[in-house]
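The residues making up each chain are set out below.
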Amino acid sequence: METQTLIYLVVGGTFALYVGIAIWARAGSTGEFYAAGRGIHPVTNGMATAADWMSAASFISMAGLIAFTGYGNSSFLMGWTGGYVLLAMLLAPYLRKFGKYTVPEFIGDRFYSQTARLVAVVCLIIISVTYVIGQMTGVGVTFARFLQVSTETGLYIGSAVVFVYAVLGGMKGITYTQVAQYVVLITAYTIPAIFISLNLTGNPVPPLGLFSEHTASGVPLLQRLDEVIVSLGFAQYTTLNTSMFNMVLFTLALMIGTAGLPHVIIRFFTVPKVADARWSAGWALVFIAILYFTAPSVGAMARLNIVDTIQIGEVGSPEGNLAYENRPDWFQTWETTGLLKFEDKNADGRIQYYNEANAAFAAQAQEWGWAGNELTVNPDILVLANPEIANLPGWVIALVAAGGLAAALSTAAGLLLAISSAISHDLLKSAIMPSISEKGELLAARIAMAGAIVLATWLGLNPPGFAAQTVALAFGLAASSIFPVLMMGIFSKRINNMGAIAGMLTGILSTCLYIFTYLGWFFIPGTNMIANTPDNWLFGIAPASFGVVGAILNFAVAYGVSRATAAPPQEIQDLVESVRIPRGAGGAVAH
Amino acid sequence: MMSQNDRDQSYWKANLSLVRNCLIIWAVVAFGFAIVFRPLLSGISIGGTDLGFWFAQQGSIIVFLALIFFYAWRMNKLDRDFGVEE
């Protein structure tokens, strides 16, 4: 069967599955809409959390991010998994014990302040909306690459599917769809990885293959990769080429940010017991780790593969570079997408791929008659083109298309639920119309969900130019506002309403100020006050790592202000005591 | 015989020290073995590179997994020992 037909069949089939699940798992009450009736098994929730968490960035981009930087970008691997240790020990079990529906609700109750709750709602919406933009562009891009429809049409189809299962099923529908989406995305990710690992190392387990011998050269794969790319003027793969201080800080920022993301936290409200929340965090990391063990292998192997394809002989010899007319089929396929670009600068009909930014090497290359790097590789291609590079059958290519969509849609749905429950529960029910009936609130939640999907689709169609940089903002805000305030709410009885509000505002404002100073006000190009270069950074702290400093400022200000003002009332101190003890959690707490 | 309130307090203390110990390991592995102490471990080679690289790309994640499951197992036991389980 034609690959294109297979892609339509597989993607169409998975979409039909998601809709079918939605019809089966309709939400009948607010408890089901917000927290899936708290009846989700910890392993099931772990799988749903993994899909909720692993976004288009994890699925499509992460392997490429590691491949083209090497060791230094291990921060993504440790940061995006190490956050689960913090979640499991510092937040998830206690928030499950608290037993309500949203993250701002805990902040409002614990700090006996509607203002604190509203500040939290604002943070949640900024974080989730910036995050959802990336997912919607991921949906559009995947459609355009694989299904030969326009990005717009792709977005409408993706949004329509999310609309059906998120509006109908709420958290309950999203949970079971996420389980299906996890299975699709992990299968799609691992199958091509197994084949590329077999091809290069003879080992079918990619994480083991990474540390095995490269069959063609007889030396360890990583050593071979280092040799090959250094011979083309690139920096070594296995060494740190940036500052150690920033690597530590960036890793920590991603960890704290991960633990502070509301759409991940609320997944732990769906399990029956406090003990289940602890197990569930472990299961979530098991399912996440399967992809995170595979990603660095895919990255290193695919990069070696690409270089070996282009540099077929000795570096510098006229015959050493692949003639353009002999390029493989996958090369041609991906040239049409623009993710792979060739420009024959020295008009010799051969492809020269090297690091032209390396002055010493560029001078040497000029002597060979090379007139500059001729190949531009978009990092995303490493995962997307993997099946074609490894010569896998059409159904694997179809699966990768479905996997990319599953990763983007599952994360989008989780974010949309966090946004809609903040609107219907924290704004409408709590602040604007406290007398609203449960049925009315459920309807409002569905309308808010529909509105959030329309907004997300619009943002996907008109992505702000800063889409790529917003990740720094989302993680920075989660790290500097949500995480510290939740942790203090559980681990301190002394932090009061004034302290929490002052701390959150300090965290948000300092982080936004620092990021905007270097990346431009609201990311508008040209409005940055200081050029974004390592020399200019305050104490050498990169804007993307600043969430850590924001969090420290948040803790310090909250502590100082709380010491200077009255201690929280007795009933709040009792609330903290009760959150710390699993006894008496039971099912959903009536509102 | 301790009152339930005293037992709740000792339960919380036990939890805090468990969390502290786990997070020390978490930090030493992720920021130590994988980044800051990597030069010290460079003598131990593994698959064409050194132990620090392995910790940064795989070992740390294995340790995170072990820590969470160990914590869940210990806490569920503490819940029963202190009579605070659901």
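Bear in mind the structure is a predicted one, so any value in this text is a computation, not a measurement.

Asks: What should I look at first to understand the side chain of N554 of chain A in this one?
Replies: Residues and elements named next belong to chain A. Topologically, N554 is positioned in helix α22 (residues 547-564). A relative accessible area of 0% places N554 in the buried class. If we ignore the near neighbours within four places in the chain, the residues touching N554 are S480, S481, P484, V485, M488, G503, M504 and G507.

Asks: Where do I start with the pattern of salt bridges in this structure?
Replies: Oppositely charged side chains are able to pair whenever their charged atoms sit close together. Within the structure shown, the criterion is met by 12 salt bridges over all chains. A salt bridge links R117 of chain A to D426 of chain A; the nearest nitrogen and oxygen atoms lie 2.6 Å apart. Note that R117 of chain A is positioned in helix α7 (residues 114-146) and D426 of chain A in helix α18 (residues 394-432), a separation of 309 residues in sequence. Like D426 of chain A, R117 of chain A is buried. One salt bridge connects D8 of chain B with R583 of chain A, and the closest N-O pair in it is separated by 3.0 Å. Highlighted residues: D8 of chain B in helix α1 (residues 4-36) and R583 of chain A in the segment after α23 (570-580), drawn from two different chains. Residue D8 of chain B is classed as buried on the basis of its relative accessible area of 10%. On the accessibility criterion, R583 of chain A (33% relative accessible area) is partly exposed.

Asks: Help me understand the interface of chain A and chain B, please; the structure alone is not making it clear to me.
Replies: One widely used convention gives an interface's size as the accessible area the parts lose upon coming together. Taken together, the contacts link 55 residues of chain A with 45 residues of chain B. Interface area for chain A against chain B, summed over the two sides, is near 4,300 Å², with a carbon-plus-sulfur share of 72%. Looking at the side of chain A facing chain B, the largest losses of area belong to M89, F211 and R278 of chain A, adding up to 17% of the total buried there. Counting across the interface, chain A meets chain B through two salt bridges. At the junction of chain A and chain B, the tally comes to 14 residue pairs in polar contact (both at pLDDT 80 or more). In terms of residues, the side of chain A that touches chain B owes the most to one element, helix α13 (residues 274-310) of chain A, which gives 13 residues. Among the residues forming the side of chain A that touches chain B, the class breakdown is 40 nonpolar, 10 polar and five charged.

Asks: Before we go on, may I ask you to explain the packing of helix α3 (residues 42-53) of chain A against α18 of chain A in this structure?
Replies: Each packed pair of helices is defined by two parameters, the angle between the axes and the distance between the axes. Residues and elements named next belong to chain A. For the pair α3 and α18, interaxial distance at closest approach is 7 Å and the crossing angle is 100°. Between α3 and α18, the interaxial angle falls into the category roughly perpendicular. Between α3 and α18, the contacting residues are A51, D52 and W53 on the first element and A407, S410, T411 and G414 on the second. Of the residues that constitute the contact of α3 with α18, the class distribution is three nonpolar, three polar and one charged.

Asks: Honestly, unusual backbone geometry in this entry has me stumped. Any pointers?
Replies: Excluding glycine, a negative phi dihedral is what most residues carry, and trans is how most peptide bonds are arranged. Residue and element names in this part refer to chain A. Of note, the phi angle at Y112 is positive, near 35°, even though the residue is not glycine. Positionally, Y112 belongs in the loop between α6 (103-110) and α7. Within the chain, A347 stands out as a residue other than glycine whose phi angle is a positive 50°. For A347, the position within the fold is in the loop between β1 (340-342) and α15 (359-367).

Asks: How should I be thinking about the packing of aromatic side chains in this particular structure?
Replies: The relative placement of two aromatic rings is captured by the distance of their centres and the angle of their planes. Residues and elements named next belong to chain A. Across all of its chains, the model carries 41 aromatic pairs over all chains by this definition. Where W53 meets Y84, the ring centres are 6.2 Å apart and the plane angle is 70°; that geometry is what we call edge-to-face. You can see W53 sitting in helix α3 and its partner Y84 sitting in helix α5 (residues 74-98), a full 31 residues away along the chain. Each member of the pair, W53 as well as Y84, carries the same accessibility label: buried.

Asks: Please clarify how the nonpolar core should be interpreted in this entry.
Replies: Burial of nonpolar side chains together is a common tendency in soluble globular proteins. Residues and elements named next belong to chain A. In this structure, W53, F59, L91, I107 and Y292 are the most contacted members of the largest nonpolar core, which totals 231 residues. No fewer than three residues from each of domain 1 (3-303 + 389-467) and domain 2 (306-387) sit in this core. Those residues within four positions of L91 in sequence are excluded, and the remaining contacts are L86, A259, I265, F483, L486, M487 and I490. Grouped together as the second largest cluster of nonpolar side chains are nine residues, A253, Y514, W537 and A542 included.

Rules behind the numbers
Residues numbered from 1 in each chain as written. Chains lettered and ligands numbered in written order. Predicted model: local features only at pLDDT ≥ 70, side-chain atom pairs only at ≥ 80, totals over all residues. Heavy atoms only, no water. Helix = DSSP H or I, 4+ residues; strand = E, 2+ residues; numbered from the N terminus. Buried < 20%, exposed > 50% of the residue type's maximum accessible area, 1.4 Å probe, protein only. Contact = heavy atoms within 4.5 Å. Salt bridge = Lys/Arg side-chain N within 4 Å of Asp/Glu carboxyl O. Buried area = accessible area lost by both parts, 1.4 Å probe. Polar contact = N/O pair within 3.5 Å; in protein donor to acceptor, adjacent residues only side chain to side chain. Nonpolar A, V, L, I, M, F, W, Y, C, P; charged D, E, K, R; others polar. Axes fitted to C-alpha atoms, helices over the stretch in contact; angles between N-to-C directions. Parallel < 35°, antiparallel > 145°, perpendicular 65-115°, else oblique. Phe/Tyr/Trp six-rings, centres within 6.5 Å; stacked < 30°, edge-to-face > 60°. Core = buried A, V, L, I, M, F, W, Y, C linked by side-chain atoms within 4.5 Å. Domains from an automatic or database assignment.

Function cannot be inferred from these measures alone, as they are strictly geometric.
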